[in-house]
Amino acid sequence: MSIITELESLRDSALERISQAADLAALDAVRVDVLGKKGSLTGVLRGLGALSAEERPAVGKVSNEVRAALEQALEERKALLAEAALSARVAADAVDVTLPGRKRLPGRAHLINQITAEVVDIFTGLGYAIAEGPEAELDYYNFTALNHPPTHPARSATDTFYVRDLSEGGASGPITDVLLRTHTSPVQVRVLEQQKPPVYVLAPGRVYRRDIADPSHLPQFHQIEGLVVDEGITFGDLKGTLDYVCKELFGKDRKTRFRPHFFPFTEPSAEVDVSCGICAGSGCRFCKYTGWQEILGCGMVDPNVFGYVDIDPEVYTGFAFGMGVERIAALRYDIPDLRMLVEGDMRFLRQF
Ligand code: PHE
């Protein structure tokens with residue numbers, strides 16, 4: 001085989017390997033194999049010295065052409081592979097700028113807390129102080145000192161959550177004198193034990209009743225209690241105060257009415273209704289087809305309650321009221337089911 005044929009077949013196989021090189025490392029290996037110090041072309045060129053003077057120019061020309069062809073092929077392949085490597089990296093690191101960003105929503109108070117804060121604002125504006133009492137309450141404050149006779153139906157274990165003594169008989173141990181308060185009214189007694197008149201207090205808090213949750217009831221809900229005890233307080237003061245508060249809370253377009261009622265700890269007593277905003281008074285499931293929604297109970301403090309806290313009913317009179325915060329929320333925003341307030345569905349809660 002002549003040296004020229006040898007050069008040509010070396011070129012052809014090297015070109016083939018170059019075109020097959022899958023990445024830059026493989027390509028460089030081909031370059032070293034052919035053009036490196038110990039490379040195959042280098043070996044052939046080293047043998048040129050042994051050629052005769054006549055052969056040398058022709059072989060020299062071909063070998064230069066082969067080297068040039070291989071160098072060019074290496075350059076071209078290198079550029080191609082470098083570009084492929086770059087686009088592969090770009091594709092791997094890709095950020096899809098058309099994807100929606102992640103929204104960070106600001107936190108907010110739950111609707112019940114918003115309304116409580118609003119009512120607290122209204123009453124602190126009228127000069128009331130804020131009071132608190134325990135949610136796990138003594139029977140004495142929840143019922144007895146509020147003039148409930150021992151046989152009052154609200155004391156029944158089907159209406160009220162009682163704490164049992166687990167040390168005697170476990171889960172069926174005897175009922176104790178501790179219960180989950182069924183209203184915020186026990187705070188009235190606690191305040192009057194601590195403070196002599198004049199008393200103007202507001203007591204927001206959580207309360208519990210053994211009710212099955214339905215559109216208008218929750219077993220755990222919120223009330224805001226008000227208590228005023230001073231000289232010369234009349235039912236007119238109560239009406240004027242609650243009229244003002246209802247207008248602040250519901251606006252002038254919602255109607256209110258006072259309805260005679262009974263509570264063991266107030267005499268006389270009344271319930272206040274607001275016209276149902278869901279059916280605009282025509283009657284619906286939420287207002288039990290009456291067109292009205294009860295939002296609070298109220299009345300003049302019963303002299304028997306003053307007896308438990310040692311206040312002279314001949315000197316002082318007072319009024320009290322307790323409003324349901326969930327009902328206020330439902331009436332203001334036409335919420336058809338109180339359970340929506342505790343289900344934690346952000347699509348609903350974010351509206352407020
Ligand atoms: N505690 C009563 C209830 O929960 C409401 C009320 C409070 C009534 C104060 C009169 C005075 O229904």
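The residue count restarts for each chain, going from 1 along the sequence in the order it is written. Whole-chain, interface and lining totals are the exception, using all residues; otherwise, since this is a predicted model, local features are given only for residues with pLDDT of at least 70 and side-chain atom pairs are given and counted only at 80 or more. Side-chain numbers come from the whole structure's heavy atoms, not from hydrogens or water.

Peer 1: What am I meant to see in the overall build of the protein chain here?
Peer 2: When helices and strands are counted, the protein chain shows 11 helices and 10 strands. Any residue under 20% of the maximum accessible area for its type is buried, any over 50% is exposed, and the rest in between are partly exposed; the area is computed with a 1.4 Å probe on protein chains only. Looking at the protein chain as a whole, 40% of its 352 residues are labelled buried. By sequence separation, contacts in the protein chain at least 24 residues apart represent 66% of the contacts at least 6 residues apart. Accessible surface, the protein chain as shown: approximately 19,400 Å² in total, 54% of it carbon and sulfur. Only four residue types enter the charge count: Lys and Arg as positive, Asp and Glu as negative, with His and the chain ends excluded. The atom standing in for a charge is NZ when the residue is Lys, CZ when it is Arg, CG when it is Asp and CD when it is Glu. Within the protein chain, one finds 38 positive and 49 negative side-chain charges whose respective centroids are separated by 7 Å. Numbering of helices and strands runs from the N terminus, with a helix taken as a DSSP run of H or I at least four residues long and a strand as a DSSP run of E at least two residues long. In what follows, residue pairs with any heavy atoms lying within 4.5 Å of each other are defined as contacts. Surface accessibility in these figures is a Shrake-Rupley result with a 1.4 Å probe; residues are shielded only by whichever protein chains are displayed.

Peer 1: What is the right way to read the packing of helix 1 (residues 3-20) against helix 4 (residues 55-92) from this model?
Peer 2: The relative placement of two packed helices is expressed as an angle between their axes plus a distance between the axes. What counts as an axis is a line fitted to C-alpha atoms, over the stretch in contact for a helix, and the angles between N-to-C directions run from 0 to 180 degrees. Contact geometry of helix 1 with helix 4 gives a least axis separation of 10 Å together with a crossing angle of 0°. Between helix 1 and helix 4, the crossing angle belongs to the class labelled roughly parallel. Residue-level inspection shows Ile 3, Ile 4, Leu 7, Leu 10, Arg 11, Ala 14, Leu 15, Ile 18, Ser 19 and Gln 20 of helix 1 in contact with helix 4, the latter providing Val 59, Val 62, Ser 63, Val 66, Ala 69, Leu 70, Ala 73, Leu 74 and Arg 77. Between 65 and 115 degrees an angle is taken as roughly perpendicular, under 35 as roughly parallel, over 145 as roughly antiparallel, and anywhere else as oblique.

Peer 1: In this structure, what is going on with the nonpolar core? I would like to understand it.
Peer 2: The tendency in soluble globular proteins is for nonpolar side chains to be buried side by side. Residues Phe 321 and Met 323 are the most contacted members of the largest nonpolar core, which totals 47 residues. In terms of residues, this core owes the most to one element, helix 5 (residues 111-125), which gives 7 residues. Met 323 has contacts with Val 119, Phe 123, His 222, Gln 223, Ile 224, Val 245, Ile 295, Leu 296 and Ile 328, leaving out every residue within four places of it along the chain. We define the nonpolar core as a collection of buried residues of types Ala, Val, Leu, Ile, Met, Phe, Trp, Tyr and Cys that are connected through side-chain atoms lying within 4.5 Å of one another. In terms of nonpolar packing, the next biggest core, distinct from the first, is built from 22 residues, Tyr 141, Ala 145, Val 191 and Ile 311 among them.

Peer 1: Before we go on, may I ask you to explain the site of the ligand in this structure?
Peer 2: The full set close to the ligand counts 14 residues, and His 183, Ser 185, Arg 209, Gln 223 and Gly 322 are the nearest of them. Each polar contact in these results corresponds to two N or O atoms within 3.5 Å; when the atoms are within protein, one needs to be able to donate a hydrogen and the other to accept it, and residues that are neighboring in sequence are counted only if both atoms are side-chain atoms. A distance of 2.9 Å separates a nitrogen atom of the ligand from a polar side-chain atom of His 183. In this structure, Ser 185 approaches the ligand through a side-chain N or O atom, which is 2.9 Å from a nitrogen atom. Counting residues per element, the ones that place at least two in the shell around the ligand are strand 6 (220-230), strand 9 (292-301) and strand 10 (317-324). The element that contributes the greatest number of residues to the shell around the ligand is strand 10, accounting for 3 residues. Each residue gets one label: Ala, Val, Leu, Ile, Met, Phe, Trp, Tyr, Cys and Pro are nonpolar, Asp, Glu, Lys and Arg are charged, and the others, such as Gly, are polar. When the residues that make up the shell around the ligand are grouped by side-chain class, the tally is 5 nonpolar, 7 polar and 2 charged. Note on definitions. A residue lies near a molecule or strand when any single heavy atom of the residue is within 4 Å of it.

Peer 1: Explain the pairing of strand 4 (residues 175-180) here, please?
Peer 2: Put simply, side chains in a regular strand alternate between the two faces of the sheet. Each pair of strands is called paired provided DSSP finds at least two bridges between the two strands. Pairing between strand 2 (residues 136-138) and strand 4: 3 bridges, direction antiparallel. Across the sheet, residue Ala 136 finds its bridge partner in strand 4, namely Leu 180. Here strand 3 (residues 162-164) pairs with strand 4 via 2 bridges, running antiparallel. Within the sheet, the bridge partner assigned to Tyr 162 lies in strand 4 and is Leu 179.

This is a description of form; function is not addressed.
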